[in-house]
Every structure is written in structure tokens, then in C-alpha cells.
Amino acid sequence: MNSKRVLPLLVGWLLIALMAIAAPAQAQQAQGGDAPAHSTLADLLENEETRQQLIDQLRGMADAPAAEATPEEAAASPSLPRQLAELTSRIASDIGGQFGSAVEAVGDLFTGGLEDSTFDTAAFTSATINLGLVILATLVLFLAFRRLAKPLFTGISQWSLNGAGLTPVLRLVICVALAALVDVLVVALAYVGGNLVATFAIGETGELSTRASLFLNAFLVIELLKAALRVLFSSRYEGLRLLPITADEASYWNRWIARLIGLVGYGLMVVVPLINVYIAPALGQGVGTLIMFAAFVYAVAVVMKNRQRLRDAINEKADRATMAATRVSLQLFARTWHLFALAYFVMVLVVTLTRPVDALPFVLFATLKTIAAVVVGMLVSSLLTQTIGRRITLSEELRRKLPLLEPRLNSYVPNALRVIRTLILIVVVMLVLSAWGAFDLAGWYASEAGRGLVGKVVSVAMILMIAIGAWLGLASLIEHKLNPETGKGEPDARAKTLLTLFRNALAIALITMTAMIVLAEIGINIGPLIAGAGVLGLAIGFGAQKLVQDIITGIFIQVENAMNTGDVVTVGGITGTAERLSIRSVGIRDLNGTYHIVPFSSVDTVSNYMREFGYHVGEYGIAYRESIDDAIVALREAFDELAGDEEHKMNILAPLEVAGVVALADSSVNIRVRIKTTPGTQWATGRAFNRLVKLHFDARGIEIPFPHTTLYFGVGKEGEAPPANLRVMQQPFDIDGRPGGQPRSGESSRAGEEDPRSRPNPAFKGDFDDED
């Protein structure tokens, strides 16, 4: 930012500061202007006759009707711009008069114009020497005590950095408090030592001079301020610095702020009073004004010099922030921090020039309150972050019993921390505004509205904490029941379904009840809301009958335990595994992998293949020429082999049931058997049994027939069969396995002789199997 932009900015801040103090200044002026009137009124009241006349006039004015203000009276109260212009003109005149008086006093000092005044050169020289000795002795004592306390500071700093047993922020706060106490003790000892030296060693014994008292009081105030500054910017001891900055940065800011405090403090509290006493009050006022202007210029120069550097540092801290609100706030502060600093120094300058009597204490205490509020807010936020802001890790046993408790806590705690940080920020802003008189925090809290708002915030926080605690407890209890490693082992499918539905219903009920209670607590009438919700529910019930039917049917299906997740069912004409079961519908995955959602309103029958036990029912056909008893023996042998198999024997619950011959089919005699199995294994058991049946039938030569057709050529009246003319169109091999048409060894085929194997057989008749 160049000087062309700084000058209008400073002028703007100056106008704002003048507007802020215009009203108090006008009030003070009015009070000062009313002094003669007060004196006249007191004289009137002392005389009995004039007092009676005044009483009669006041009664007459009370009985008379109120008259409207005349234009002259209305014009007598100037507007705000006019008041601001008059105040600015008066301040400029005062400053000009102060400088003129100071120049005149300096000229009289060198030209001898002050000979008739109270200025005594010899007394001034002696007082200066004595004051210098007091200053030297006090500073030497202070440095000596600081040197003696250095090992103590070093030990406290090392414990702050490397100690154990407490969180880092809490350990830092304790160490900083101890170091600050030692620092204050050092300042107090130096102050007492300076008083002793000034009283008994310098000047008249047993008497403390005014000039020494001025310096010692200023030394006490300024060094205490510097001690508070070292709490924030301790450059020599890493473990005693509250602000998270480097040692070089801390040394830089501590150095220039300490210079500014020393310049203003010693200048206004020592130099100006001494000039007023020993030289001239006009010169003292001028020197005080020069000191404030010099401090203002110095502060503005330092702020503008470090504007970009501090902006980059704040942006780096913003990039490391985890909360979006904190990141945005820091980025905004990085862009505007120098404006706040300039506004602060302009305000201090204007207040000091316009209200020189009480400006310095007001600014000092307001600044200390602001720094204290900001630092305490930062420490509390950091302490909360280090205490509960880290990832919460539960014990292995607790994670085994409650597997979802740790993720829930790690999702709730950061959100709660964000809310707490927001509340801390609001409180800090209110304290800062109250420190500068822009907001009466104590009065607001004492009012009914303030107490009511704070009470509502606390009540809402308690309600939310109770609701979250109830949800964590009940949800953890449900998860404990669902966890196969705890409770009574692996819960059945019905328990899983019902507990899952209960957990969802519990979440909805808790959210609804908490919302209603919070709304009622903040003053919103929830009666119409409940009535409206009832009417809306009734309207939804009429308009969504299908949905209501889904829910009612789903409730009865769950109560009757008709099916659970993982069951193989037939619902609505769809057979598959129930993967998801809600209060309104069921999700089924069929054999092809297709996922179906079946609403309960379309369910008439639920066929569950997973209840208690299952059956494999098989029908096996044999040829008509086979022995039925042999086939049954083969079926039993196949079952015995299946029952001895390690993979399937635990799934078989009962011996083989042979129902016998159930059908004489077209091509086969069908025998039915049944195998009782555990639920869900009947299909795998049936497939394994079918394999063994085929192997045992093949071993015994039992034919498993396939459909065939009988060719009938008819019979004559005499019982003879008509000839069936058959011709072999192609015979690649003869009976001996030789290629067709080739003679045996030692035989020859005569040319033109017909092969008898190619002639038709007129006497052939019979049945031919033909594959269907």
C-alpha cells in the first residue's frame, strides 16, 4: 500500500474517531458552559423572595400548554455534520494553540523571558541529576533481579516444553502464569528498591521527591505492561510464549511494541509533568502532543512495513485450519488486519488529544481487556482442541463390543467443537466491544432479554447433549445385541431385522422429539405445528393408502416372523434371497442375480424355504424291464454314501424316506424318495444325491430310460406281416469291422455280382428305437 492510499485512509479513520467522540465532547462542553447558570441558580435559591418568585414561575409554566418549538429554537440545535465541523475546528485550534504556546515558551526560555517565572536553573539541574541517579539505580536493580531469575525462567520453560502428565496447552498456561508471577515479583522488587534508594540515598534523607515518585510510578506501570507483553512474545524462552510464532517474530514484535509503550508511557507520565512543573505548562502540553504524534507516526510506519509479511503468515495459518469458518475468518483478517491496527492508533491519538485527562487510562484498560479476552479465547479453544479435538481411540475390548461407537464419537465431537468455538468467538467479540464502550455486556446480561437468551442457549445445549447421549447409549446397546462376539453369540435373522428396524425408528423418534423440545424451549409455540402435522398425516394417509397398506402389512410380516434377511423366499411370484427388509418392502436377489423390490401391499403369500428344516424330493425313473426292488436298493446305497460324506452328512436330519412307485409313465417307472435336511441345504443335498444315484444305477446296469417310439407295420387277416422294404443307403463298416463292399481275405468279388448284404430282406419286421 503506497502513501497515496494511506493518506485518505488515515483521514477517514480520523473522521470516524471524531464522530465517535463528538457526543462526549459536546456533553463536556455543555457541562462546562452551564457553570455560570448553576451559580446564578444557587444565588436565587439563597434569597427567600426570589426563591418564591421562581416557584410561582415554575407552576405557571407547568399549567401553561406546551408550545411548539420555534424555527429559531429548532435552528439552535445544530446537525451532526455541523457539530463534527465545530469539533474538528476546535481540536485544530487547540492543537495550534498548544504548538504556539510551546514555541513561545521555548523562545522565552532561550531569550530570558522566563526570568520572572518560577523556573530555577540550579534547582532544575539538581533535580535532573537526582532523577538520573534514581533511574540508574532502579534500572540496575531491575536488571540484577532479572539476571538472578534467569535460571528459574529457564527451568520453567524446559518443563513447559518437555514435561509430562498434562496436555501441552494446560502445561503452557501453568508455566506462563508462574513465569508472569516471577516477572511481576522482579518488577515489584526493583520498584521497592528504587523507592528506598530515592528516599534514603538521594536528595534529602527520609523524603521521596515528586520527580522520583513520578518516575517510579511510571516504571511500575510500564514494566508491568512489558511483563504482560512478554507473556505473549517471549523471545528468549520458547516454552513461555503464548502466541504460536517463531522466536525471531516474537523478538521483533516485542521490541517495537515495548519501544512504543516506553515512549508514550515515560513521555506522558514523567517528561510532561516535569516540564509542567519546572518550565511551563504550555510547553508541557506541546511536548505531550508531539509525543503522541511521534508515537502515532512510528506505529503507522511499523504497521505498513509489516502489512504483507503478517498477511502471508496469517494466510499460512488459515491454510492449516481444519474448520471452514476458522479458515475464512483468518483469510479475511489477513486482508484487513492493518486497517484494524490503523483504526486503533487513530482512535488512541484522537482520544488523547481531545480528552487528555482520562484518555490514557481508558485506552490502556480497554487495550488490556481486549488482549486478555482474545488470548483467553485462543487458549480455551486450543485447550479444547488438544483435549477432545484429537481422534478418540477406544480400548480394544470396547471396540470389539461396540464397533460403531468410536466412529460415532469421532463424527460428533468435531461438530460439537465447531459449535463451542463459535460460541467462544461470540463471547470474545462481546467482551471486546464492552471493553471499548460500544456494548454494555454487564447491563445486557442483567436485563431480562440477556438472561433469557443465555438461559435458552444453555437449555438447548443441555437438551442436545441429553439427546446425543441417549442415542449413543441405546444405539450402542442395539449394536451390542447385534454383535456376534458379544451377548449371546450370533443373533438370528429375525433379531437382526427387528433390531435394525427398531434402531431406525429410535433415530426418527429422537430427532422428532428433540426438535419439538428445542423449538418449545426457544419460544416457538409447537401446538399449531403438532396439529398441522396431525392434519398432514391424515391427508397423507388418505392420499397414500398403498403406502399405509405397505407399512401395515410389513409390520405384521415382521411380527409373525414370516421372513428375515438371508432367507430364500417366494414373494409376489419372485423366488430368491431376501437381502433387504424394511417396514415397507423387501429386496430379493433371484438366481440370475437380478435385484427385485417387492412392496408388501402386493404380497398375498410368503413362501419361506428356510424354516426349521427342508426336504429334497426326487423322482427317479427306471425302464419297465428293470427290477423295482433292485432300484430301491441302489437308491438306499446312494443315500448311505451321501450320509457318510463329510461335506453333506451334517446337513441330513433323518434317514431316507422311500415313498415307492408313484407313476407308471410312458417310458419309465417312477420311484419317489425324500431326504430331510437343514434349512437352505436341500438344494445342494439334492444335487449331490442325484449324482450318486446316476453312478449307482450305472454300476448295477439299471437303465434310466429316455422317451422312445415303437414302429408297427400292421398284421394281415391270416396273421402274416407284410414285408418291410429296407435299403441300407450307406454302410461304412460290415459286421467284421471291414469297410463295406470289401471281400474277406481269400475271397474275390465278381464283377456284376450283387452283394447279398445290399438286397432288401422281405421277411424283416419288428420294433425300432428312435430317439425323440
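Asker: Explain the pattern of salt bridges here, please?
Answerer: Pairs can form between side chains of opposite charge whenever their charged atoms are close. As enumerated under the stated definition, the model contains 13 salt bridges in all. The salt bridge partner of D183 is R230, with a shortest N-O separation of 2.8 Å. With D183 in helix α7 (residues 168–200) and R230 in helix α8 (residues 210–232), this pair connects stretches of sequence that are 47 residues apart. Per residue, the accessibility class of D183 equals that of R230, and both read buried. Among the salt bridges present, the one from R674 reaches E657, with a minimum N-O distance of 2.9 Å. Placement of R674 in strand β8 (residues 669–677) and of E657 in strand β7 (residues 657–664) is noted, with a sequence separation of 17 residues between them. Residue class for R674 comes out partly exposed when judged on its relative accessible area of 31%. Take E657: its relative accessible area is 32%, and that puts it in the partly exposed class. Overlapping salt bridges, with partners in common, bring together R146, D183 and R230 in one network.

Asker: So what exactly am I meant to see when it comes to the environment of I245 here?
Answerer: Residue placement: I245 occurs in the loop between α8 and α9 (247–278). In this structure the C-alpha to C-alpha distance between I245 and L232, which are 13 residues apart in sequence, comes to 9.7 Å. Apart from the residues lying within four places of it in its own chain, the contact partners of I245 are F233, E238 and A250.

Asker: Where do I start with the packing of α7 against α8 in this structure?
Answerer: When two helices pack together, their arrangement is given by the angle between the helix axes and the distance between those axes. Running from N to C, α7 and α8 cross one another at 170 degrees; their axes reach a closest spacing of 10 Å. Judged by the angle between their axes, α7 and α8 are roughly antiparallel. Considering only the axes of α7 and α8, their crossing is right-handed. In contact with V176, A180, D183, V184, V187, A190, Y191, G194, N195 and A198 of α7, α8 contributes A212, L216, N217, F219, L220, E223, L224, A227, R230 and V231. Grouping the constituent residues of the contact of α7 with α8 by class yields 14 nonpolar, three polar and three charged.

Asker: What should I look at first to understand the packing of helix α15 (residues 405–435) against helix α17 (residues 448–482) in this one?
Answerer: Their axes nearest at 11 Å, the elements α15 and α17 cross at an angle of 160 degrees. By the criterion of interaxial angle, the relationship of α15 to α17 is roughly antiparallel. For the element pair α15 and α17, the recorded crossing hand is right-handed. When α15 is examined against α17, the residues L405, R408, L409 and Y412 are found in contact with a partner set consisting of I468, W471, L472, A475, S476 and E479. Here the residues of the contact of α15 with α17 sort into seven nonpolar, one polar and two charged.

Asker: I tried to follow the sheet that holds β8 on my own but got confused; where do I start?
Answerer: Adjacent strands of a sheet pair through backbone hydrogen bonds, lying either parallel or antiparallel. Spatial ordering of the open sheet is given by β6-β8-β7, a layout of three strands whose pairing is antiparallel. Each edge of the open sheet is held by one strand with a lone partner, namely β6 (614–622) and β7. In this sheet, adjacent strand axes meet at a mean angle of 25 degrees when their direction is disregarded. Of the strand pairs in this sheet, β7 and β8 are connected by six bridges, and their pairing is antiparallel. Pairing of E657 across the sheet is with R674, part of β8. Packing of helix α21 (residues 628–643) onto the sheet brings it into contact with β6, β7 and β8, and relative to β8 it is tilted by some 25 degrees.

Asker: What should I look at first to understand the sheet that holds strand β1 (residues 568–571) in this one?
Answerer: Strands sit in the order β4-β3-β2-β1-β5 across an open sheet of five strands; the sheet is antiparallel. Looking along the sheet, the strands with just one partner apiece sit at the ends: β4 (595–599) and β5 (606–608). With direction set aside, neighbouring strand axes in the sheet form an average angle of 45 degrees. For β1 and β5, the ladder comprises three bridges, and the chain directions are antiparallel. Across the sheet, residue V569 finds its bridge partner in β5, namely N608.

Asker: Looking at this model, I keep getting lost on unusual backbone geometry. Mind explaining?
Answerer: The phi angle of most residues is negative, glycine excepted, and most peptide bonds adopt the trans form. A positive phi angle is found at E612, which is not glycine, with a value near 65 degrees. Relative to the elements of secondary structure, E612 occurs in the loop between β5 and β6. Judged by relative accessible area, which is 69%, E612 ranks as exposed.

Asker: Please explain the nonpolar core as it appears in this structure.
Answerer: If you look at soluble globular proteins, the nonpolar side chains tend to sit buried side by side. If you look at the biggest cluster of nonpolar residues, it comprises 48 residues, and the most contacted ones within it are F233, L242, W256, V303 and F345. Broken down by element, this core gets its largest block of residues, 12 residues, from helix α12 (residues 324–354). In this view, V303 contacts W337, H338, A341, L342 and F345; residues no more than four positions away in its chain are not counted. Counting residues in hydrophobic clusters, the runner-up holds 24 residues, among them L131, A179, I202 and A218.

Calculation rules
Residues numbered from 1 in each chain as written. Predicted model: local features only at pLDDT ≥ 70, side-chain atom pairs only at ≥ 80, totals over all residues. Heavy atoms only, no water. Salt bridge = Lys/Arg side-chain N within 4 Å of Asp/Glu carboxyl O. Helix = DSSP H or I, 4+ residues; strand = E, 2+ residues; numbered from the N terminus. Buried < 20%, exposed > 50% of the residue type's maximum accessible area, 1.4 Å probe, protein only. Contact = heavy atoms within 4.5 Å. Axes fitted to C-alpha atoms, helices over the stretch in contact; angles between N-to-C directions. Parallel < 35°, antiparallel > 145°, perpendicular 65-115°, else oblique. Left-handed = near helix turned anticlockwise from the far one by under 90°. Nonpolar A, V, L, I, M, F, W, Y, C, P; charged D, E, K, R; others polar. Pairing = 2+ DSSP bridges. Core = buried A, V, L, I, M, F, W, Y, C linked by side-chain atoms within 4.5 Å.

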